[in-house]
Amino acid sequence: MGRLTLDVEAVQAFVTIADFQSFTKAAEALGTTQGAISVKLKRLEERLGCKLIERTPRLVRLSAQGAVFLNAARDFIAAHERALVALSCECRRFRLGIAEHVAGPEIPTLLARLNERDPALTIEVRLENSRSLLDAFDNGELDAVIVRQEDDHRDGEDLGPEHFGWFAAPGFSQRPGEPLRLAALAPCCGVRDIATRALGGAGIQWSEVFVGGGHAAVMAAVSAGLAVAAFSCRLAPPDTIAVGQRLGLPELPSSRIMLHSTLSDRRSREALQTLAAAYREHRAPKHASQEADRKGIDRELGPSLGE
């Protein structure tokens, strides 16, 4: 029997399927079709003589042999990337900007997936306000940015919806007849604009009692009970509750999260595909349950702003 050899693309397909637990999402991350990665996986399994992935209509998971093979497969891919980099003088750097009012708990997942995809890649991440990031992007200082749709209206890759709500500390008290006590970022903030336009359209008076220099400052003010603020449902402080219905506040329009980039070379495009797939995979299922939980809390609260 001849010496066993492995196909790099087939092993990469297996690792990506294992990471996403989905053939569809793995195909998206690799920039190919579901059928193509299915064929690659089948060939790898035939080569190894064992089943690596168990697939049912509802579930994709590692087989016992697949679980044993996974770490070795990762090492195999990483060694292949190091070998390619060793033959190149190119120093590869990926400069990513993420708007601070967009960045959430998915960031470690994004970075881990980028590193797995290209271990030789130096990743630089900037968390700043949207305007600063977009200016840096336009000046060539960033390779890609993730911002909300209203921050920039040029075409980009849609990473999914962003839903907003009104949040306050459980002990927050709004006196009837007084303007709504509002906490927000500086006037250039897109979320602030969404909130104040909605209040104006509903004829609700408001007073900005706290202006934060960053998202963390606004979160601290709301958690301390100083005011109400509009937050993305997935990024609201964990110690706050939804108060829109109790205070009779207007519903806030949804937005979209957009990825903008001018990168065109193959390896950079692969990094972007990995980034987009990881972002969608991390946030979508969690957001739905979180939003439902917050709506449930909102319904249980008491009287409205005008009562």
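To start, this report covers the structure provided alongside it. (Residues numbered from 1 in each chain as written. Predicted model: local features only at pLDDT ≥ 70, side-chain atom pairs only at ≥ 80, totals over all residues. Heavy atoms only, no water.)

1. Notes on the overall build of the chain
Each helix and strand in the chain was counted, giving nine helices and 12 strands. A separation of at least 24 residues holds for 76% of the contacts in the chain among residues at least 6 apart in sequence. (Helix = DSSP H or I, 4+ residues; strand = E, 2+ residues; numbered from the N terminus. Contact = heavy atoms within 4.5 Å.)

2. Some thoughts on the pattern of salt bridges
For side chains bearing opposite charge, pairing can occur when the charged atoms are close. Per the counting criterion, the structure on display carries 13 salt bridges. Its salt-bridge partner being Glu178, residue Arg175 comes within 3.8 Å of it at the nearest N-O pair. Looking at Arg175, the relative accessible area reads 57%, which means it is exposed. Here Arg192 makes a salt bridge to Glu208, at a shortest N to O gap of 2.7 Å. Within this pair, whereas Arg192 is found in helix α7 (residues 190-201), its partner Glu208 is found in strand β9 (residues 206-212), the two being separated by 16 residues in sequence. Here the residues in one salt-bridge network are Arg126, Glu128 and Glu141, joined through shared partners. (Salt bridge = Lys/Arg side-chain N within 4 Å of Asp/Glu carboxyl O. Buried < 20%, exposed > 50% of the residue type's maximum accessible area, 1.4 Å probe, protein only.)

3. Thoughts on the nonpolar core
One finds Trp166, Val228 and Leu249 to be the most contacted residues of the largest nonpolar core, which totals 31 residues. Elements with a minimum of two residues in this core: β7 (164-168), β8 (180-185), α7, α8 (215-223), β10 (229-232) and β11 (241-242). No other element matches the five residues that α7 contributes to this core. Residues in contact with Val228, not counting those within four places in the same chain, are Trp166, Phe167, Ala168, Phe172, Leu180, Arg181, Leu182, Ala183, Val222, Val243, Leu247 and Leu249. Of all hydrophobic cores here, the second largest spans 29 residues; its members include Leu96, Ile107, Leu159 and Ala276. (Core = buried A, V, L, I, M, F, W, Y, C linked by side-chain atoms within 4.5 Å.)

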